[in-house]
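# Notes for the structure review
For reference, the chains in residue letters:
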Amino acid sequence: MSRINEHTRQLTPKPPVAPRPVDAISLDRGEQPYPPSPLVIEAIRQSAANSHKYPDPNGWELRQTIARYAGCRPENVVLGNGSDELIELVVKTHACAGDEIIVPVPSFFVYGFAAQMLNVRTTNVPRADDYSLAVDPVLAAIRGDSKVVYVANPNNPTGTLTSRESLVELLEGCECAVVVDECYFEFSQQTVADLIDRFANLIVLRSFSKGFGLAGLRIGYAITNEDTAEAMFRSANLFSTNRIAQAAALAALSDVEYTRTQISRILDGRRWLSRELTDRGVLVLPSETNFLFASMRSLEITSADVVAGLKLLGVYIADFGNKPGTDEFGVRIAVGSEAENTALVERLDRVIAESRHRPAVATES
Ligand SMILES: Cc1ncc(COP(=O)(O)O)c(C=O)c1O
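Below or above, wherever it landed, is the structure these notes cover. (Residues numbered from 1 in each chain as written. Predicted model: local features only at pLDDT ≥ 70, side-chain atom pairs only at ≥ 80, totals over all residues. Heavy atoms only, no water.)

## Let's talk about the packing of helix α3 (residues 60-70) against helix α10 (residues 243-253)
Contact geometry for α3 and α10: axes closest at 10 Å, N-to-C directions at 30°. Between α3 and α10, the angle is such that the two are roughly parallel. The two elements α3 and α10 cross, and the hand of that crossing is left-handed. Along the contact surface, α3 presents Glu61, Leu62, Thr65, Ile66 and Tyr69, while α10 presents Gln246, Ala249, Leu250 and Leu253. Among the residues making up the contact of α3 with α10, the classes are represented as six nonpolar, two polar and one charged. (Axes fitted to C-alpha atoms, helices over the stretch in contact; angles between N-to-C directions. Helix = DSSP H or I, 4+ residues; strand = E, 2+ residues; numbered from the N terminus. Parallel < 35°, antiparallel > 145°, perpendicular 65-115°, else oblique. Left-handed = near helix turned anticlockwise from the far one by under 90°. Contact = heavy atoms within 4.5 Å. Nonpolar A, V, L, I, M, F, W, Y, C, P; charged D, E, K, R; others polar.)

In structure tokens form, the structure reads like this:
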């Protein structure tokens, strides 16, 4: 007899994460290739000296600074242990066990994962063939027990944007909460955060992990109306964001210029990588993020084969083959440093050459 409850036993086990060689090139996790601003490192150092003190549970100074950055009031801001925690907090505060969330797919897997942890179902609604978001099928899927729609904008793994008009149509067309996940805002510069006073059902999520390069510190925030913000804060862990992460985020916002410079380097790398992949016959979607979504279909190499081939050569990219809303040819590649991008392309050529010596995979006509 297990002491672990039935629901927990039903959860999908987390896959084991094998250690990587020290010189591995990891382009599968969507991380920044560059370290954070020197001001951030200094803030971390100073804050570390006070590690024996609990952090401010309200995160008031950071919420005020975020409010100035995002153009809202501090009362609209909820801090989270990465936006992952906020994704879960939204399910927690809006759905009960047995309710459902709606996710246009392909999209970020954590929406479904957070729902599953809380015994909430996920209904996936396929995006259009070009991965754009068609609002009507999403609205048609919404029922009485649909509590939240999650739209990543730009989307992960496709990197593509949904227009402001479509998001407004979605917000106007449903009563349930609509999460617009702007994790990649610093890259896309597109936001609907200015609409929180117009739409009571709008929750915008942002992260310090991507543009600001603080993925290792786990800090993100939500922007929403005061009532929803208060409900989310009420359900959050008491000290969900730690002292060092709060200090680092504050320092990052005091040095936005540094982030802009790093982002422009990444955008240069994205343009270069996109061209190199396209020159090799790979279909690359237009990206508003720090990664590219590529289809290996025209080369007749499955994502599983290309991911495994690159891994043998020390390069890790993300396999999006046969995930909800994708076929067996999709991969996601983070834009790395110049040296990493060059190594990826050079090793991809070896994988492509190798695949020519193997029998071709069957493709749909
Ligand atoms: C769309 C999207 N939302 C949220 C997250 C999670 O970000 P964080 O590191 O802030 O938890 C990611 C991470 O890849 C993402 O792609």
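Further notes follow.
## A closer look at the sheet that holds strand β8 (residues 220-224)
Strand order in this open sheet of seven strands is β2-β8-β7-β6-β5-β3-β4, and the pairing throughout is mixed. At either end of the open sheet lies a strand with only one pairing partner, and these are β2 (77-80) and β4 (121-126). Averaged over all pairs of adjacent strands, the angle between their axes in this sheet comes to 25°, without regard to strand direction. Pairing of β2 with β8, which is carried by four bridges, proceeds in the antiparallel orientation. Looking across to β8, one finds that Val77 is bridged to Ile223. Its contacts with the sheet put α3 on β2, β7 (202-207) and β8, and the angle it makes with β2 is roughly 120°. Here helix α5 (residues 110-117) sits on the sheet and contacts β3 (100-105), β4, β5 (146-152) and β6 (177-181); the angle it forms with β3, its principal contact strand, is near 165°. (Pairing = 2+ DSSP bridges.)

## Considering the nonpolar core
Formed by 44 residues in total, the largest nonpolar core has its most connected members in Ile66, Leu202, Phe208 and Ile223. Excluding residues within four positions of it along the chain, Leu202 makes contact with Leu171, Val178, Val180, Val192, Leu195, Ile196, Ile223 and Thr224. (Core = buried A, V, L, I, M, F, W, Y, C linked by side-chain atoms within 4.5 Å. Buried < 20%, exposed > 50% of the residue type's maximum accessible area, 1.4 Å probe, protein only.)

## Comments concerning the side chain of Asp181
Checked against the element boundaries, Asp181 lands in strand β6. Buried and unpaired, Asp181 has Arg206 as its nearest opposite-charge partner, separated by 8.4 Å. The contacts of Asp181, once residues within four sequence positions are left out, are Ile87, Phe108, Tyr111, Val151, Ala152, Asn153, Pro154 and Leu205. (Lys, Arg positive; Asp, Glu negative; His and termini not counted. Salt bridge = Lys/Arg side-chain N within 4 Å of Asp/Glu carboxyl O.)

## Topic: the site of the ligand
The local shell around the ligand holds 14 residues, among which Ser83, Asp181, Tyr184, Ser207 and Ser209 are the closest. Asn156 is positioned such that a nitrogen or oxygen atom in its side chain is 2.7 Å from an oxygen atom of the ligand. A distance of 2.6 Å separates an oxygen atom of the ligand from a polar side-chain atom of Ser209. Computed on the free molecule, the ligand has an accessible area of 400 Å², of which 93% lies beneath the protein chains in the complex. Element by element, the count of residues in the shell around the ligand is highest for helix α4 (residues 82-94), at three residues. For the shell around the ligand, the per-class residue count stands at five nonpolar, five polar and four charged. (Near = heavy atom within 4 Å. Polar contact = N/O pair within 3.5 Å; in protein donor to acceptor, adjacent residues only side chain to side chain. Areas by Shrake-Rupley, 256 points an atom, 1.4 Å probe, with all protein chains shown as cover.)

## Overview of unusual backbone geometry
In this structure, Pro106 follows Val105 across a cis peptide bond, with omega equal to 5°. With respect to the element layout, Pro106 can be found in the loop between β3 and α5. Even without a glycine there, the phi angle at Asn119 is positive, about 65°. Checked against the element boundaries, Asn119 lands in the loop between α5 and β4. Given a relative accessible area of 40%, Asn119 falls into the partly exposed group. Phi at Gln189 takes a positive value of approximately 60°, unusual for a residue other than glycine. Looking at the element boundaries, Gln189 is found in the loop between α8 (185-188) and β7. Residue classification places Gln189 among the exposed residues on the basis of a relative accessible area of 51%.

## Overview of the pairing of β8
In terms of residue burial, β8 counts as a mostly covered element, since five of its five residues are buried. Of the two faces of β8, the one lined by Gly220, Ala222 and Thr224 and the one lined by Tyr221 and Ile223 are each fully buried. Of the strand pairs in this sheet, β7 and β8 are connected by five bridges, and their pairing is antiparallel. Residue pairing for β8: Ser207 is matched across the bridge by Gly220.

## Observations concerning the pattern of salt bridges
All told, the structure shown has 21 salt bridges when counted by the stated rule. Residues Arg143 and Asp145 are paired through a salt bridge, measuring 3.0 Å at the closest nitrogen-oxygen approach. You can call Arg143 partly exposed: its relative accessible area is 46%. You can call Asp145 partly exposed: its relative accessible area is 22%. Between Arg206 and Glu182 there is a salt bridge whose closest N-O contact spans 2.9 Å. In this pair, Arg206 sits in strand β7 while Glu182 sits in the loop between β6 and α8, placing the two residues 24 residues apart along the sequence. A relative accessible area of 1% means that Arg206 is categorised as buried. A relative accessible area of 1% means that Glu182 is categorised as buried.

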